[in-house]
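Fold and geometry: a report
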Amino acid sequence: MLSKNKVNHYVGEVMRRWQKLHETSNTFSYQLNVQESKYLEGSNCIYSELNPERITLRRAPQVIQSLNPVFEENKFNFKKIPQQELLMILPYDGIEVSIIINKSPLTLYHSLICPDVQNGLAQRVTLDTLRFCRDFLLSIEDDRGFRIGYNSPGALASVNHLHMHLINIERDLYIDNAELDTLCEDDVFRLNSSMPTQAVCWIFNQRDSVTQMENKTRKLYEFLEWLCTENTPHNIFMTPDRVKSQKRLKIFVYPRENFCVVKDFKAFNVGFCEMSGYVPVGDKQLFDQLTETQVFKRIDEEIGLIFPKILNYFESGRT
């Protein structure tokens, strides 16, 4: 298990090592340089940043055609990274979790959480990965601003090697304050019908017993497995918050009807960041003209008509 003291030591080391590499080496594809930032006009906390270098200098994304992908040794994967890109390896319940820099960062300390790298796991979430991310975020000190995201194949995953994104956003986002309604027992929720997007949300409370934590995590994993079986692309966003001095973790799942395999860098693409209300863009004209309405329209197009099928999953009692 991860103790709070150990996690915060690890996080401090990740921050220190990441910053040192960023300042003193050519390890990154570019120096992170957010030129402008703003909340888009509106009432929903859509936060946008202008990061031009990510368009021109990032590694070309892979095309992953299946929600049940097969790991391919001959393509780029995290076994092939230079040693200096590896920030640390954390032991966790019999597995090793590598923390690797994201060479094309969106935020300060943007890193990749990669379980059992040498085993060559394809980009499909495992139960151990969910457990690690849950325990990691619940243990981090509140003022750190760390969140974790995941893009499945067909939902902007760019490398077919299991990884989650550890990003640092010290801003309120749309999803942080989105109103939730109970979907079923065991702290499973959906966004209220008044919200402009749709998602399923699991809430983990720091006071939950070990059994409660495990039961919720398994049900979340079963839902993600079902999405893969149904060939339904999806994104995940994990964001901590605090209610009445009690820390909790909200894990949002965004199922999508449309299978997205092409990234148009002149527009903004819809991955876990955009679904959650953080919209990094690389084009100055787009940044200046982008509106909250446009963001929600694009998200709605990606979600499509999938949600009745999602609701049927929960109403059928499979959880």
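Residues numbered from 1 in each chain as written. Predicted model: local features only at pLDDT ≥ 70, side-chain atom pairs only at ≥ 80, totals over all residues. Heavy atoms only, no water.

An unreviewed UniProt entry lists the chain under the name GDP-D-glucose phosphorylase 1, from Glossina palpalis gambiensis. As stated in UniProt under Subcellular location (unreviewed entry), the record for the chain gives "Cytoplasm". According to its UniProt record, the chain has this under Sequence similarities (unreviewed entry): "Belongs to the GDPGP1 family." (UniProt positions renumbered as here; feature names shortened; annotations may be inferred.)

A closer look at the overall build of the chain
For the chain, the count of helices and strands is 8 helices and 13 strands. Projecting the C-alpha coordinates of the chain onto the three principal axes gives extents of approximately 55 × 50 × 45 Å. The buried share of the chain, reckoned over its 319 residues, is 57%. For the chain, the share of sequence-separated contacts (at least 6 apart) that also reach a separation of at least 24 residues comes to 67%. Per element, the accessible surface of the chain, about 13900 Å² overall, is 46% carbon and sulfur. (Helix = DSSP H or I, 4+ residues; strand = E, 2+ residues; numbered from the N terminus. Buried < 20%, exposed > 50% of the residue type's maximum accessible area, 1.4 Å probe, protein only. Contact = heavy atoms within 4.5 Å. Areas by Shrake-Rupley, 256 points an atom, 1.4 Å probe, with all protein chains shown as cover.)

Looking at the packing of helix H4 (residues 210-229) against helix H8 (residues 307-315)
Running from N to C, H4 and H8 point in directions that differ by 135 degrees, and their axes come no closer than 12 Å. Considering the angle they form, H4 stands oblique to H8. Judged by the twist between their axes, the crossing of H4 over H8 is right-handed. Here Glu222, Phe223, Trp226 and Leu227 of H4 lie close against H8, whose contacting residues are Lys309, Ile310, Tyr313 and Phe314. (Axes fitted to C-alpha atoms, helices over the stretch in contact; angles between N-to-C directions. Parallel < 35°, antiparallel > 145°, perpendicular 65-115°, else oblique. Left-handed = near helix turned anticlockwise from the far one by under 90°.)

What to know about the pairing of strand E9 (residues 188-191)
Across 4 bridges, strand E8 (residues 180-184) lies against E9 in antiparallel orientation. Paired with Asp181 across the two strands is Arg190, which belongs to E9. Pairing of E9 with strand E10 (residues 200-205) involves 3 bridges; the strand directions are antiparallel. Considered in E10, the bridge of Arg190 is made with Val200. (Pairing = 2+ DSSP bridges.)

Side note on the sheet that holds strand E2 (residues 47-50)
Reading across from one edge, E1-E2-E13 is the order of the 3 strands in this open sheet, with mixed pairing throughout. Each edge of the open sheet carries a strand with a single partner, namely strand E1 (36-39) and strand E13 (278-281). The sheet shows a mean angle of 15 degrees between the axes of neighbouring strands, direction not considered. One ladder, built from 4 bridges, connects E1 with E2; its direction is antiparallel.

Here we look at the pairing of strand E5 (residues 111-115)
Within E5, 5 of the 5 residues are buried, which leaves it mostly tucked inside the rest of the structure. Judged by which residues are buried, E5 turns out to be covered on both faces: Ser111, Ile113 and Pro115 on one side and Leu112 and Cys114 on the other are all buried. Sheet analysis places strand E4 (residues 95-101) next to E5, joined by 5 bridges and oriented antiparallel. Across the sheet, Ile100 pairs through a bridge with Leu112, a residue of E5.

Topic: unusual backbone geometry
If you check the backbone angles, Asp116 has positive phi at about 45 degrees while not being a glycine. Here Asp116 shows up in the loop between E5 and helix H3 (127-139). Residue Asp116 is classed as partly exposed on the basis of its relative accessible area of 22%. Within the chain, Asn231 stands out as a residue other than glycine whose phi angle is a positive 55 degrees. The topology assignment puts Asn231 in the loop between H4 and strand E11 (234-243). On the accessibility criterion, Asn231 (43% relative accessible area) is partly exposed.

Examining the sheet that holds E9
Read across the sheet, 10 strands follow the order E3-E4-E5-E7-E6-E11-E12-E10-E9-E8 without closing on themselves; strand pairing throughout is antiparallel. Two strands close off the open sheet at either side, each with one partner strand: strand E3 (86-92) and E8. Pairs of neighbouring strands in the sheet enclose a mean axial angle of 30 degrees, with direction left out of account. Summarising the sheet, strand E6 (residues 146-151) and strand E7 (residues 164-168) pair through 4 bridges and their orientation is antiparallel. For Arg147, the partnering residue across the bridge sits in E7 and is Ile167. Strand contacts of helix H1 (residues 4-24): E3, E4, E5 and E6, with the helix running at about 165 degrees to E3, the strand carrying the most contacts.

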